[in-house]
Amino acid sequence: MQRIYLDHNATTPPLPAVIDRMIQVLRDDFGNPSSVHHFGQQAKSAIDEARTDVANLVGAEPSEILFTSGGTEADNIAIRGAAEALETTGKRHLIATAIEHEAVLNTLKALARRGWRTTLLSVDQSGIASPAALRDALTDDTAVVSIMHANNEIGTIQPIAELARVAHECGALFHTDAVQSAGKIPTSVKALGIDMLSMSAHKFYGPKGVGALWIRRGLRVLPLLTGGRQERSRRAGTENVAGIVGMGVAARMAAAKMVEEGRRLASLRDRLETGILRAVPGTAVNGSPEARVPNTTNISFDRIEAESLLIALDLEGIAVSTGSACSSGTLEPSHVLKAMGFNAHRTQNSIRFSLGAANTEAEIDRVIAVLPGIVEKLRSLTRTPARA
Ligand SMILES: Cc1ncc(COP(=O)(O)O)c(C=O)c1O
């Protein structure tokens, strides 16, 4: 069976160049980067090269990049580390949006259990957070505002530069989870005017289990892991050299073809979206059609249970998602669509299609061809009345 992978926001396949370089590092550059001898220095220079490539991807200085075990750890260090560094100043308040990834939402919950006040901002029906709402939520004791750059379920892009300006006016730090934007759309820490930014390699054709946090030079962030002096004492533990090097190669390749590939993906995504909306009655796109990453569309199918559609598509060899990978497999409504104000049915009838490098027009056309029949069959099996 010809399989079609349309779940690139969950993860992307590592590029051949990434795999080749990682194998070479595992085999040849196996030294401990902290060792003074040749083997150690070889591994260290491989990390330094990757640090420069990852920094270039977001317009940062290499010394400001801290390698982590992924986007989740980067989010944790940013929020916990910055919050804890500010504890002595009496600040005890954190703000995020209600549509953040669990890596942010559950970090805020954990800090709430330790006495921090937290505010979750709602978003409008197109999935965008409002700078005015942020201004209202900020107080003198707000330590950190964490708002994602692009959303993993619907792909919407937040007005980060404006939101960061508002946070700074009230003396709060600003972190953005750029796991779904770095490598997909041009992202510059300077243009965004932020303090911290999280990335994850496996979302842009690098390996899983490695990510990075950009921390603005001079900003104090306490480490989560204590131990050796790796990563300028901000993240102890012998470095994941092969993973870091893989991330570096992926970052370099993403930077080189981002704009052109973005255009290609947007055109494929639009073909898919228009095709589905035309061919399947009772469908609607979730999220802003303008402010979004080029590879993502999230579509509601009236009178359909998203999990059933996902399984039926999988049987046809088409891999999609009902939202974030962490919540699939359960019938949990999407917290993102819920925060956008959609009713219970619409939070459970939506499918995320996230496109990537290997997808072709022929694949998109196959999806458009098989989908109407599958949806019709599922609808004929259910008696769920149509809802708005
Ligand atoms: C927006 C966002 N933040 C954070 C993460 C977590 O990244 P990682 O899988 O590298 O821990 C993900 C992964 O799905 C994500 O989409």
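Look up: the structure comes first, before these words.
Position labels on residues start from 1 in each chain and follow its written sequence. Confidence filtering applies because this is a predicted model: local features only for residues at pLDDT of at least 70, side-chain atom pairs given and counted only at 80 or more, and all residues used for totals across whole chains, interfaces and linings. Excluded from the side-chain calculation are hydrogens and water; included are all heavy atoms of the structure.

### A few points about the site of the ligand
To be explicit about the condition: Consider each residue's heavy atoms; a residue with any of them within 4 Å of a molecule or strand counts as near. As used in this structure description, the phrase polar contact means that two N or O atoms lie within 3.5 Å; if the pair is within protein, one of them must be able to donate a hydrogen and the other to accept it, and residues adjacent in sequence are counted only when both atoms belong to side chains. In these tables, accessible area is a Shrake-Rupley quantity obtained with a 1.4 Å probe, and a residue counts as shielded only by the protein chains included in the view. Under the DSSP-based scheme used, a helix requires at least four consecutive residues in state H or I and a strand at least two consecutive residues in state E, with every element numbered from the N terminus.
The environment of the ligand is formed by 13 residues, the closest being Gly71, Thr72, Asp177, Ser200 and Lys203. Within the side chain of Thr72, a nitrogen or oxygen atom sits 2.6 Å from an oxygen atom of the ligand. Contact between the ligand and Asp177: a nitrogen atom at 2.6 Å from a side-chain N or O atom of the residue. Alone, the ligand offers 390 Å² of accessible surface; in the complex the protein occludes 86% of this. In terms of residue count, helix H3 (residues 71-86) provides more of the shell around the ligand than any other element does, three residues in total.

### Some details on the nonpolar core
Selection rule: The term nonpolar core refers to a set of buried residues drawn from Ala, Val, Leu, Ile, Met, Phe, Trp, Tyr and Cys, joined through side-chain atoms within 4.5 Å. When a residue's accessible area, from a 1.4 Å probe over protein chains only, is under 20% of the maximum for its type it is buried; when over 50% it is exposed; and in between it is partly exposed. Between two residues, a contact is recorded if the distance between any of their heavy atoms is within 4.5 Å.
One finds Leu134 and Met199 to be the most contacted residues of the largest nonpolar core, which totals 52 residues. For this core, the element with the highest residue contribution is helix H9 (residues 241-279), accounting for ten residues. The residues touching Leu134, leaving out its near neighbours within four places in the chain, are Ile95, Leu121, Val145, Ile147, Leu163, Val166 and Ala167.

### Things to note about helix H6 (residues 160-169)
Just so we agree on the cut-off: This arc is built from the directions going out from the helix axis to the C-beta atoms.
Along H6, the positions that sit buried rather than exposed are Ile160, Leu163, Ala164, Val166 and Ala167. One side of H6 carries all its buried residues, which in axial view fall inside an arc of 160°. Close packing links the buried residues of H6 with helix H5 (131-137), strand E5 (142-146), strand E6 (173-177) and helix H7 (189-192). Gly171 sits one or two residues past H6 and shows a positive phi near 80°.

### Focus: the environment of Asp136
Looking at the secondary structure, you find Asp136 in helix H5. For Asp136 and Leu121, which are 15 residues apart along the polypeptide, the C-alpha to C-alpha distance reads 10.0 Å.

### Structural notes on the environment of Pro33
As for its position among the elements, Pro33 is in the loop between helix H1 (16-28) and helix H2 (38-57). Taking relative accessible area as the criterion, Pro33 reaches 8% and is therefore assigned buried. In sequence terms Pro33 and Pro159 are 126 residues apart; their C-alpha atoms lie 39 Å from each other. Beyond its immediate sequence surroundings of up to four residues, Pro33 is in contact with Gly40, Gln41, Ala43, Lys44, Ile47, Thr238, Glu239 and Val241.

### Re the pattern of salt bridges
As a reminder of what qualifies: Here, a salt bridge means any Lys or Arg side-chain nitrogen found within 4 Å of an Asp or Glu carboxyl oxygen.
If you walk through the whole model with that rule in mind, you get 19 salt bridges. Between Glu316 and Arg366 there is a salt bridge, and its shortest N-O distance comes to 3.5 Å. Of this pair, Glu316 sits in the loop between helix H10 (306-315) and strand E11 (318-319) while Arg366 sits in helix H12 (residues 361-381); the two residues are 50 residues apart in sequence, bridging distant segments of the chain. Taking relative accessible area as the criterion, Glu316 reaches 32% and is therefore assigned partly exposed. With a relative accessible area of 23%, Arg366 lands in the partly exposed category. The network of salt bridges with shared partners includes Glu49, Asp53 and Arg252.

### Here's the deal with the packing of H3 against helix H4 (residues 102-112)
Our working rule: In this analysis, axes come from line fits to C-alpha atoms, helices being fitted only over the stretch in contact, and the angle between any two N-to-C directions falls in the range 0 to 180 degrees. Between 65 and 115 degrees an angle is taken as roughly perpendicular, under 35 as roughly parallel, over 145 as roughly antiparallel, and anywhere else as oblique. When the near helix sits turned anticlockwise from the far one by under a right angle, the crossing is termed left-handed; a clockwise turn instead gives a right-handed crossing. Residue polarity is assigned by list, with Asp, Glu, Lys and Arg as charged and Ala, Val, Leu, Ile, Met, Phe, Trp, Tyr, Cys and Pro as nonpolar; anything else, Gly included, falls into the polar class.
Closest axis-to-axis distance for the H3/H4 pair is 9 Å, and the angle between their directions is 40°. What the angle tells us is that H3 and H4 run oblique. Between H3 and H4 lies a crossing whose hand is right-handed. Side by side, H3 and H4 meet where Thr72, Asp75, Asn76, Ile79 and Arg80 of the first sit next to Ala103, Val104, Thr107, Leu108, Ala110 and Leu111 of the second. Across the contact of H3 with H4, the residue classes tally to six nonpolar, three polar and two charged.

### Comments concerning the sheet that holds strand E9 (residues 283-285)
Definition in use: For two strands to be treated as a pair, DSSP must find at least two bridges joining them.
Strand order in this open sheet of three strands is E9-E10-E12, and the pairing throughout is antiparallel. Edge positions in the sheet fall to E9 and strand E12 (350-354), since each of these pairs with one other strand and no more. Adjacent strand axes in the sheet meet at a mean angle of 25° when their direction is disregarded. Looking at chain direction, E9 and strand E10 (residues 296-301) are connected through three bridges and run antiparallel. Counted as the bridge partner of Ala284 is Ser300 from E10.

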